[in-house]
Amino acid sequence: MKVLIKYFSGTGNTKLVSELIRDILVNRDFVVEVSSIEETGTIESFDLLVIGGPIYAGNFPERLIRYIIRNVPRVEDKRAIVFSTSTGLINAHGVLSASSKLHKKGFNVVSNKCFIMPRNYYFGHYFPMDDDYCKKLILDMKSQVGEFVESIIQGSHTPPVIVEKGILSKDLLAELFSVMARFMGKSYKANEDYTLCMKCVKNCPQRNIAKKNEKIVFGFDCMMCTRCIHSCPANAIEYSGKTYKQYRLRNYS
């Protein structure tokens, strides 16, 4: 069986889960291909499609939703799994939105799941989590991923939740956050510690960061993934004049 895993990951949480799923399946002799939706290429042959993404404002990022609508083909007799990563289960509606869209495209969505992960979004009333608690979340997640994938293999998984009612309002919320993020992104700034390494420019999923007159400038196409903040080698990216503790997934996994 060939499994195709497609994901979007801002700072690494969803990427980690995708790779854990891959490793478990490969060890069970499945043929697995995993890649970010940022990579070019078309979706071709597969027996099982796995879609994963983080939760932004209660839903998958608008970019991932549009990817599913525009890039995932209509099928017959194909299975799909959907998972999300989030700091909590309340309002984590991404799996519902994606499952509904895949169902309409002819997929048999066999299961969907939200995995609790450390917080990497610190703005407003959100704050970094304690390091020991983050390590516990990662350990718990790894165990849950193993149980989840094994249940899929054995056919003992919990039936997925697939709903149609209310999905439009959840998608509109994702669209609204996407619009807000474009303007929020103008609050980013590289401070005097920036070394012009260009990592943020190269890694921005929206191509929203550019070098101009030996400075880094931010445009109006931000999606608030915060990848630039957390991946900067000098921790030199500020938001609204403030420097934040960087989220380093490798410290917990």
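Whatever comes next refers back to the structure up there.
This one's a predicted model, so the numbers in the text were calculated from it and none came from an experiment.

Draft legend 1. Up close: unusual backbone geometry. The backbone of M198 shows a phi angle near 75 degrees, a positive value even though the residue is not glycine. Its place among the elements puts M198 in the loop between β6 (188-190) and α6 (199-203). Phi angles above zero are rare outside glycine, and E214 is one such case at about 60 degrees. Structurally, E214 can be placed in the loop between β7 (209-212) and β8 (215-218).

Draft legend 2. Just the sheet that holds strand β9 (residues 237-239), in detail. Spatially, the three strands line up as an open sheet ordered β6-β9-β10, and their pairing is antiparallel. The open sheet has two edge strands with one neighbour each: β6 and β10 (242-243). Bridge count between β9 and β10: two bridges; the pairing is antiparallel. Across the sheet, E238 pairs through a bridge with T243, a residue of β10.

Draft legend 3. The environment of K6, seen in detail. In this fold, K6 is placed in strand β1 (residues 2-7). Separated by 37 residues in the primary sequence, K6 and I43 place their C-alpha atoms 9.2 Å from one another. Sequence-distant contacts of K6, that is, excluding residues within four places in its chain, are made with S35, S36, I37, I43, L49, V50, I51, G52 and Y67.

Draft legend 4. Highlighting the side chain of K101. Along the polypeptide, K101 turns up in helix α3 (residues 94-104). For K101, a relative accessible area of 11% gives the class buried. Excluding residues that lie within four positions of it along the chain, K101 makes contacts with I65, I68, I69, I167 and D171.

Draft legend 5. Representation of helix α4 (residues 131-154) within the structure. Over its 24 residues, α4 runs 35 Å from end to end, which matches the ideal 34 Å to within 8%, given 1.5 Å per residue. Listed as buried for α4 are C134, L137, I138, M141, V145, F148, V149, S151 and I152. Where α4 is buried, its residues touch α1 (13-27), β4 (78-86) and β5 (107-116). Of the residues flanking the start of α4, the one acting as N-cap is D130, its side-chain oxygen 3.0 Å from the backbone nitrogen of D132. Directly beyond the C-terminal end of α4, a positive phi value near 75 degrees is found at G155.

Draft legend 6. Inspection of the packing of aromatic side chains at higher detail. By the definition in use, this model includes twelve aromatic pairs. Between Y56 and F177 the ring centres are 6.3 Å apart and the planes differ by 65 degrees, which places this aromatic pair in the edge-to-face class. You can see Y56 sitting in the loop between β3 (48-54) and α2 (62-71) and its partner F177 sitting in helix α5 (residues 167-184), a full 121 residues away along the chain. Its relative accessible area of 13% is what places Y56 among the buried residues. Residues Y121 and F123 carry aromatic rings whose centres are separated by 5.0 Å and whose planes lie at 75 degrees to one another, so their mutual orientation is edge-to-face. For F123, a relative accessible area of 6% translates into the label buried. Grouping aromatic residues by their ring pairs yields a cluster made of Y121, F123, Y126, Y188, F218, Y239 and Y244.

Draft legend 7. A look at α5. In this model α5 runs 25 Å from its N-terminal to its C-terminal C-alpha over 18 residues, within 8% of the 26 Å that 1.5 Å per residue would give. Three or more residues of α5 are buried, namely I167, K170, D171, A174, F177, S178 and A181. For α5, the angular spread of buried residues about the axis comes to 115 degrees, placing them on one side. Pointing more than 90 degrees away from the buried face of α5 are the exposed residues L168, L172 and F183. Where α5 is buried, its residues meet α2 and α3.

Draft legend 8. Layout of the packing of α1 against α4. Contact geometry of α1 with α4 gives a least axis separation of 10 Å together with a crossing angle of 45 degrees. Between α1 and α4, the angle falls in the class oblique. The handedness of the crossing between α1 and α4 comes out as right-handed. Contacts between α1 and α4 involve L16, V17, L20, I21, I24 and L25 on the former and, on the latter, M141, K142, V145, G146, V149 and I153. Of the residues contributing to the contact of α1 with α4, the split by class is ten nonpolar, one polar and one charged.

The rules we used
- Residues numbered from 1 in each chain as written.
- Predicted model: local features only at pLDDT ≥ 70, side-chain atom pairs only at ≥ 80, totals over all residues.
- Heavy atoms only, no water.
- Helix = DSSP H or I, 4+ residues; strand = E, 2+ residues; numbered from the N terminus.
- Pairing = 2+ DSSP bridges.
- Contact = heavy atoms within 4.5 Å.
- Buried < 20%, exposed > 50% of the residue type's maximum accessible area, 1.4 Å probe, protein only.
- Expected span 1.5 Å × (residues − 1).
- Polar contact = N/O pair within 3.5 Å; in protein donor to acceptor, adjacent residues only side chain to side chain.
- Phe/Tyr/Trp six-rings, centres within 6.5 Å; stacked < 30°, edge-to-face > 60°.
- Arc of directions from axis to C-beta.
- Axes fitted to C-alpha atoms, helices over the stretch in contact; angles between N-to-C directions.
- Parallel < 35°, antiparallel > 145°, perpendicular 65-115°, else oblique.
- Left-handed = near helix turned anticlockwise from the far one by under 90°.
- Nonpolar A, V, L, I, M, F, W, Y, C, P; charged D, E, K, R; others polar.

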